[in-house]
Amino acid sequence: MDPAASYDFSADSSRLDPEWIHRLLRSTYWAQGRSREDQDHLLRTSRNYGVYVSSTGAQVGYARIVTDEVTFAWLADVVIDPAHRRMGLGRLLIDGLLGDLAPMGLRRVVLKASQEGRALYEQKGWQLLDAPDDWLELRR
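Residues numbered from 1 in each chain as written. Predicted model: local features only at pLDDT ≥ 70, side-chain atom pairs only at ≥ 80, totals over all residues. Heavy atoms only, no water.

A. Geometry of the nonpolar core. The biggest cluster of nonpolar side chains holds 21 residues, and the ones touching the most others in it are Ile65, Leu75, Leu89, Ile94, Leu97 and Leu101. Within the residue set of this core, elements represented by two or more residues are β2 (47-53), β3 (59-67), β4 (72-80), α3 (89-101) and α4 (115-123). It is α3 that provides the largest number of residues to this core, a total of five residues. Those residues in contact with Leu101 that lie beyond four places of it in its chain are Arg47, Tyr49, Ile65 and Leu106. The next biggest cluster of nonpolar side chains, apart from the first, holds ten residues, and it includes Trp20, Leu24, Leu43 and Tyr52. (Core = buried A, V, L, I, M, F, W, Y, C linked by side-chain atoms within 4.5 Å. Buried < 20%, exposed > 50% of the residue type's maximum accessible area, 1.4 Å probe, protein only. Helix = DSSP H or I, 4+ residues; strand = E, 2+ residues; numbered from the N terminus. Contact = heavy atoms within 4.5 Å.)

B. Seen up close, the sheet that holds β3. The strand order β1-β2-β3-β4-β5 describes an open sheet built from five strands, whose pairing is mixed. The open sheet has two edge strands, β1 (7-10) and β5 (108-110), and neither has a second partner. The average angle at which neighbouring strand axes cross in this sheet is 20 degrees, direction not considered. Pairing between β3 and β4: six bridges, direction antiparallel. If you follow Val66 over to β4, its bridge partner there is Trp74. (Pairing = 2+ DSSP bridges. Axes fitted to C-alpha atoms, helices over the stretch in contact; angles between N-to-C directions.)

C. Representation of the side chain of Ser10 within the structure. One can find Ser10 in strand β1. A relative accessible area of 10% places Ser10 in the buried class. Polar contacts involving the side chain of Ser10 include one to the main-chain amide nitrogen of Asp12, which spans 3.0 Å. Every residue in contact with Ser10, bar those within four places of it in the chain, is listed here: Arg15, Asn48, Tyr49, Gly50 and Tyr52. (Polar contact = N/O pair within 3.5 Å; in protein donor to acceptor, adjacent residues only side chain to side chain.)

D. Seen up close, the environment of Trp30. Within the secondary structure layout, Trp30 lies in the loop between α1 (18-26) and α2 (36-45). Among the residues examined, Trp30 registers a relative accessible area of 37% and is labelled partly exposed. Counting along the chain gives ten residues from Trp30 to Asp40, while the straight-line C-alpha distance between them is 16 Å. Once you skip the residues sitting within four places of it in the chain, Trp30 turns out to touch Leu25, Asp77 and Val78. Side chain to side chain, Trp30 and Asp77 meet in a polar contact 2.7 Å long.

E. Here's a closer look at α2. Within the sequence span of α2, burial applies to Gln39, Leu42 and Leu43. Considered in projection along α2, the buried side chains sweep an arc of 100 degrees and stay on one side of the axis. Away from its buried face, by an angle of more than 90 degrees, α2 presents the exposed residues Glu37 and Arg44. Check the buried side of α2 and you find it contacts α1, β2, β3 and β4. (Arc of directions from axis to C-beta.)

Below is the structure:
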């Protein structure tokens, strides 16, 4: 039996558990120190996705997309609760959000991938940036 079958993907923001999201993201290297106020703002201004235990509704996965909904999107804050990893939930989350984005016909969806997540993203079609020398960033 597929372990992910006991979990549900949802794009319904009303199901999100903001406290759980903040607590888990603060344990990551990229969001360490992020305030709850900032995290709540990100929830309001992003397309949000979750993975939930089917039997209880408890949230165990999260990702968000920042997009203009026509040409470009940035995938961020992809995280699965450590107690629920290695069960295909990252794949469930990515497949679900890509399905939600598909009707937009976006030309580009970018992300900054950890070594741990890189293989999953590559399986789903992500590749190194085309002409990375053309990309710039403004860091503050």
